[in-house]
Every structure is written in structure tokens, then in C-alpha cells.
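Structural characterization, general
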Amino acid sequence: FSPLVSSQNLFDGNQPVLALIAFICIETIMECSPCEGLYFFEFVSCSALVVTGVLLLMFSLNLHTRIPQINWNLTDLVNTGLSTFFFFIASVVLAALNHKTGAEIAAVIFGFLAMAVYAVNTYLAIKKWRMNGRQQNSRQTSDYIRARTESREVDHRPEIQRLDGKESA
């Protein structure tokens, strides 16, 4: 298996596909009244498609390694969390205002499917974020302990001069 094939990446790949299908379904609707729910669903599905597609492309091509200042795990977590929330709201609103046309029903179904896949990926992103947080905390703790140990050794090493002018015993 290549590093791109993992359970996380399979879910990442399904997210933009489901968002695209939901977007296509909503775009095939010719008449609506009221249209607000439809417009909101259209905005959510298009936004999720674009943002997730860009992030997936960056991760797949390892472009994210060129910008280490950004916490990419947190970025993925925020994207999947917000997409889950907004797909849920948009799908519920569209289901409530639905005129029972085939395209609207399909859009609602794919909206809920996209929400479910985003929710699973949010769970995986939370696990990854927590694991990286623990690793970072343990690394900071070990750096702190090493620095404290080295600072205590200064008093016992005559080749290091004290800056405060006092002679060590």
C-alpha cells in the first residue's frame, strides 16, 4: 500500500465526491419556492467541495510540508467539523422545504451521506489531533527536564564561567 491509501484517505476522497454529487443534484432543480433552503444547500455543498478538494490535493501532493507554520491536523479537524455541522443543517432544511422532486430527494440523501462521511472523518481527525498533542506535550516535558538537568550541571563544571560574578565553591 502507498502512504496515500489508508482508512483516513479513503474517507477524505469520498468527501468531495459526495459533496460534488449533492451539488450536481441541487443544480438540476429548475423551480423552487421558497428557494432559501436550496440556496443554502448549494452554498454548503459547493464550499465543502472546494475547501476539502484543496486540502485533499495539498495532502496528496505533500504540499502541506512546505508550510509548517500551519497546524494541518487542526485545519483538517476544523474543516471536517464545520462541514459536518453545515451539511446537517442544510440537509435538514432542504428535507423540510422539499417539494418531493427526484433531484431534491437525491440532494437530501447525498447531503446526509456527505455529513456522515464528514462526521467519521471528524472523529478520525480528533483522534489524530489528540495523539499529536500528547506527543508534543511529552516532547516539551522531556525538553524541560533536559534543560533543568543541564542548568544544574553548570555549577559542577568549572569550564563554564558564571555570569553573575560569583565564584562557585
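Residue positions are given per chain, counted from 1 along the sequence in the order it is written. Thresholds applied to this predicted model are a pLDDT of at least 70 for local features of residues and 80 or more for the giving and counting of side-chain atom pairs; totals over whole chains, interfaces and linings are not thresholded and use all residues. As a rule here, side-chain values cover all heavy atoms of the structure and leave hydrogens and water aside.

Most often, soluble globular proteins have nonpolar side chains that are buried together. Put simply, buried Ala, Val, Leu, Ile, Met, Phe, Trp, Tyr and Cys residues joined by side-chain atoms within 4.5 Å make one nonpolar core. Each residue is assigned to one of three classes by its accessible area relative to the maximum for its type, calculated with a 1.4 Å probe on protein chains only: buried under 20%, partly exposed between the two thresholds, exposed over 50%. Within the largest apolar cluster, 19 residues are counted, with the highest numbers of intra-cluster contacts made by I26, F41, F87, L94 and A107. Secondary-structure elements contributing two or more residues to this core are α1 (7–27), α2 (36–60), α3 (72–96) and α4 (102–153). Top contributing element to this core by residue count: α4, with six residues. Among residues more than four places away in sequence, those in contact with F41 are A22, I26, F87, A90, S91, L94, A107 and G111. Each helix corresponds to a stretch of at least 4 residues labelled H or I by DSSP, and each strand to a stretch of at least 2 residues labelled E; elements are numbered beginning at the N terminus. Here a residue-residue contact requires only that any non-hydrogen atoms of the pair lie within 4.5 Å.

Turning to the UniProt feature "transmembrane region" (unreviewed entry) in the protein, a few remarks are in order. UniProt positions are given in the numbering used here, feature names are shortened, and annotations may be inferred rather than shown by experiment. Summarizing the sequence annotation, UniProt attributes the feature "transmembrane region" (unreviewed entry) to residues 38–59, 80–99 and 105–126 in the numbering used throughout. Helix makes up 85% of residues 80–99 and strand 0%, with an end-to-end C-alpha separation of 29 Å. Here residues 105–126 is 100% helix and 0% strand, with 31 Å between the C-alpha atoms at its ends.

Moving on, we come to the packing of α2 against α3. Here α2 crosses α3 at 160 degrees, and the two axes come no closer than 9 Å. If you check the angle between α2 and α3, you find them roughly antiparallel. Classified by chirality, the crossing of α3 by α2 is left-handed. Touching G37, L38, F40, F41, V44, S45, A48, V51, T52, L55, M58 and F59 of α2 are W72, T75, N79, S83, F86, F87, I89, A90, S91, V93 and L94, all from α3. Put simply, Ala, Val, Leu, Ile, Met, Phe, Trp, Tyr, Cys and Pro go in the nonpolar bin, Asp, Glu, Lys and Arg in the charged bin, and everything else, Gly too, in the polar bin. Of the residues belonging to the contact of α2 with α3, the class tally is 16 nonpolar, seven polar and no charged. Every angle, taken between N-to-C directions, lies between 0 and 180 degrees, and every axis is a line fitted to C-alpha atoms, over only the stretch in contact when it is a helix. Each angle receives one of four descriptions, namely roughly parallel if under 35 degrees, roughly antiparallel if over 145, roughly perpendicular if within 65 to 115, and oblique otherwise. With the far helix as reference, a near helix turned anticlockwise by less than a right angle produces a left-handed crossing, and one turned clockwise produces a right-handed crossing.

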